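Summary of the model geometry
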Amino acid sequence: MTAHPTVAARRPRPRGRARRAVTSLAAAAALVASAALTGCAAERDDDVYTVLNSSTDETYHRWDAEAMARCGKRLGVTVEQQSVPASQVMTKALRMASSKSLPDVVQFDASEMPVFAEAGGLVDLRTLGLSTDHVPDGIVDFGSYRGTYYGAARSVNTLALFYNKTVLAEAGVRTPATWDDLRAAARELTRGKRYGLALSAGGAEDGVFQFTPFMWSNGGDERELDSPEVVEALDFWKALLKDGSLSRSTVNWTQADVNDQFMAGNAAMMINGPWQVETLNSDPGLDWGIAGIPVPEAGADSVAPLGGAVLTVPRTGDDGRQRTAGRIVACLTSEKEQLTYALNSWMVPADERAAAEWRSQVPELDALADQVAAARSRTAQLGAGWPAVSLALQSAFQSALTGQSSEAALKRAQQRATSGN
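In this report, we go over the structure that sits alongside the text. (Residues numbered from 1 in each chain as written. Predicted model: local features only at pLDDT ≥ 70, side-chain atom pairs only at ≥ 80, totals over all residues. Heavy atoms only, no water.)

So, the overall build of the chain
Our working rule: Numbered from the N terminus, helices here are DSSP runs of H or I no shorter than four residues, and strands are runs of E no shorter than two. A simple rule labels every residue: compare its accessible area, found with a 1.4 Å probe on the protein chains alone, to the largest value its type can have, and call it buried under 20%, exposed over 50%, or partly exposed in between. Working definition of accessibility: Shrake-Rupley area with a 1.4 Å probe, residue cover restricted to the visible protein chains.
Each helix and strand counted, the chain has 17 helices and twelve strands in total. Within the span of the chain, comprising 421 residues, buried residues form 57% of the whole. Surface exposure of the chain reaches about 16,400 Å², of which carbon and sulfur atoms provide 46%.

Brief notes about the packing of helix α2 (residues 58-75) against helix α12 (residues 319-332)
Packed helix pairs are characterised by how far apart their axes lie and by the angle those axes make with each other. For clarity, the cut-off: Comment: axis = line fitted to C-alpha atoms, over the contacting stretch for helices; angle = value between 0 and 180 degrees taken between N-to-C directions. Roughly parallel refers to an angle under 35 degrees, roughly antiparallel to one over 145, roughly perpendicular to one between 65 and 115, and oblique to any angle outside these ranges. Crossings are classed by handedness, with left-handed meaning an anticlockwise turn of the near helix from the far one by less than a right angle and right-handed meaning a clockwise turn. The contact criterion used is simple: two residues touch if any of their non-hydrogen atoms lie within 4.5 Å.
Running from amino to carboxyl end, α2 crosses α12 at an angle of 125°, the nearest separation of the two axes being 10 Å. Classified by the angle their axes make, α2 and α12 are oblique. Both α2 and α12 take part in a crossing whose hand is right-handed. Of the residues in α12, those touching α2 at A67, M68, C71, R74 and L75 are R327, I328, C331 and L332.

Section: unusual backbone geometry
Among all residues save glycine, negative phi is the norm, and among peptide bonds the norm is trans. Positioned with a positive phi, K100 is a non-glycine residue whose angle comes to about 55°. Examined against the element boundaries, K100 turns out to sit in the loop between α3 (89-98) and β3 (105-109). Even without being glycine, W346 reaches a positive phi, approximately 70°. Note on placement: W346 falls in the loop between α13 (335-345) and β12 (348-349). Since its relative accessible area comes to 19%, W346 is described here as buried.

A few points about the state of the cysteines
Basically, it comes down to this: Only a pair of cysteine sulfur atoms within 2.5 Å qualifies as a disulfide here.
Summed over all chains, the structure comprises one disulfide. Disulfide partner of C71: C331, at an S-S distance of 2.1 Å. A torsion of -90° about the S-S bond marks the disulfide between C71 and C331 as left-handed. Of the two residues, C71 is situated in helix α2 and C331 in helix α12; the sequence distance between them amounts to 260 residues. The burial state of C71 is the same as that of C331; both residues are buried.

Describing helix α9 (residues 228-243)
What sets the pattern is the α-helix's 3.6 residues per turn: residues three or four places apart point alike. Filter applied, for reference: Between the first and last residue of a helix there are one fewer steps than residues, each counted as 1.5 Å, and that sum is the expected span.
Under the 1.5 Å per step criterion, the end-to-end length of α9 is 22 Å for 16 residues, consistent within 8% with the ideal 22 Å. For α9, the complete set of buried residues consists of V230, V231, A233, L234, F236, W237, A239, L240 and L241. One or two steps after α9, the chain reaches G244, where phi turns positive at roughly 85°.

Here's the deal with the environment of A171
Mapped onto the elements of the fold, A171 is located in helix α6 (residues 165-171). Since its relative accessible area comes to 30%, A171 is described here as partly exposed. For the pair A171 and A185, spaced 14 residues apart in sequence, the C-alpha to C-alpha distance is 9.3 Å.

Some points on the pattern of salt bridges
Applicable threshold: Think of a salt bridge as a Lys or Arg side-chain nitrogen and an Asp or Glu carboxyl oxygen that are within 4 Å of each other.
The final tally for this structure, using the stated rule, is 17 salt bridges. Linking E58 and R62 is a salt bridge whose minimum nitrogen-to-oxygen distance equals 3.4 Å. Note that E58 and R62 are positioned in helix α2 at a spacing of four residues, about one turn of the helix. For the salt bridge of E188 with R191, the shortest nitrogen-to-oxygen distance reads 3.4 Å. Overall, the relative accessible area of 38% leaves E188 in the partly exposed class.

Details of helix α14 (residues 352-361)
Using the following cut-off: Here the arc refers to the set of directions running from the helix axis out to each C-beta atom. Whenever two N or O atoms come within 3.5 Å, that pair is a polar contact, provided that in protein one can donate a hydrogen and the other can accept it, and provided that, for residues adjacent in sequence, both atoms are side-chain atoms.
Residues A354, A355 and W358 constitute the buried set of α14. Buried positions in α14, seen along its axis, are confined to an arc of 100° and lie on one side of it. Its buried side turned inward, α14 meets α13, β12 and α15 (366-373). The backbone nitrogen of R353 lies 2.8 Å from a side-chain oxygen of the residue at the head of α14, namely D351.

What about the nonpolar core?
Applicable threshold: Among the buried residues, those of types Ala, Val, Leu, Ile, Met, Phe, Trp, Tyr and Cys that are joined through side-chain atoms within 4.5 Å form a nonpolar core.
Formed by 75 residues in total, the largest nonpolar core has its most connected members in F108, W288 and W358. If we skip the residues at most four places from it in the chain, W358 touches L339, A342, L343, W346, M347, V348, P349, L365, L368 and A369. If you look at the next biggest cluster of nonpolar residues, it comprises 54 residues, including V208, V251, I293 and A392.

Let's talk about the sheet that holds strand β11 (residues 309-312)
Within a sheet, each strand pairs with its neighbour through backbone hydrogen bonds, oriented either parallel or antiparallel. Here is the rule we go by: Here a strand pair is declared whenever DSSP counts at least two bridges between the two strands.
Taken in spatial order, the four strands of this open sheet run β2-β1-β3-β11, and their pairing is mixed. The open sheet terminates on both sides in strands that have one partner only, identified here as β2 (78-83) and β11. On average, each strand axis in the sheet is tilted by 20° relative to the strand beside it, whichever way the strands run. Bridge analysis of strand β1 (residues 48-53) against β3 gives two bridges, and the strand direction is parallel. Within β3, the residue paired with L52 across the bridge is V106. Contacting β1 and β2, α2 crosses the sheet at an angle of about 160° to β2.

Quick look at the side chain of S302
Checked against the element boundaries, S302 lands in the loop between β10 (288-291) and β11. Assessed through its relative accessible area of 17%, S302 is described here as buried. A polar contact of 2.8 Å, which involves the side chain of S302, links it to the backbone oxygen of I293. Reaching out from S302, the side chain makes a polar contact with the side chain of Q371 at a distance of 2.9 Å. For S302, the contacting residues outside a window of four places in its chain are S217, I293, V295, Q371 and A374.

The values are spatial; any link to function lies outside them.
So, in structure tokens, the structure goes:
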């Protein structure tokens, strides 16, 4: 998700069964294709443009409103946001597509954007004048589908290892850099009701988001879920559970639950993202630090997932409005606006120049910027096929972490991912 993970990353939505997901993708494609072919029939105010997003959180909604007001003033139009919960953005957009009343801009979770793109429902942002000159390739891929740039990110997020500095110092434990280090540190830090590590292996996008750094850093690939590299990564999670370093409740935890456990002192370390920083900072007695996610062996690259949302321009059938919508997206993703948004939200700017300034202003999160530099998009390989893989992995976690072998669980996951059953 989403894992998310935009505000959506805080608590991504649960997913349904694989067959239902595949059916909904087909239905989505039909609706979007219909809208793209017929255009939008709704009456529109020539000077008012609408952005559909998931900024239902009061602070995020206010930050977005302020940014849209600045951009609207600059462009001579009014930009209004229509916010719905993250789990409803796709549904809302599909409903508006079917009634030919699509908004001018839609902010999709990047993992959902390919559904609209595949059906031809989005405009290539490069044709609207948006440049990617100062955007890292991984973030360009994050907003692309089959090589076409449909979604511009203001900021991105990823995962890192958060740790309680006080607890590690008292135990004489150094920040782990490899899997062996992490396993040893987690064992050493597990005392009484406190676990050494907390992570999310729940049956939703949160768990998949948190598994990808272990899978990818070990050379695994979402196109072959039953490969030895993916099996080994899941076996590592199982080893942590067997050691008693992870709570057995990890199979039910979201990333928000993980943060709650860490803040309550029930975990010495956690895998989580920058969307938790504001909450962490609300406890002045908590001295926390951040590091890259440990890798299988020294010298390996720590490859984490990119999370967040992208701003897209739907095909509304009105070329003039689409061009202005592109200018709105360009303004919202400008270097200055990215930096403002990232400093508010603790996310990492997508633009390299803004990211460099961000590093200088929040050096305590420098490890996140390093992690983002090597991060990958979940949909880069499979595009609209990612949801089926995600559902299959979610089921595999539940099976493997409650007794089944990783090999058997992932073999079944590969079958589900390819067949939709």
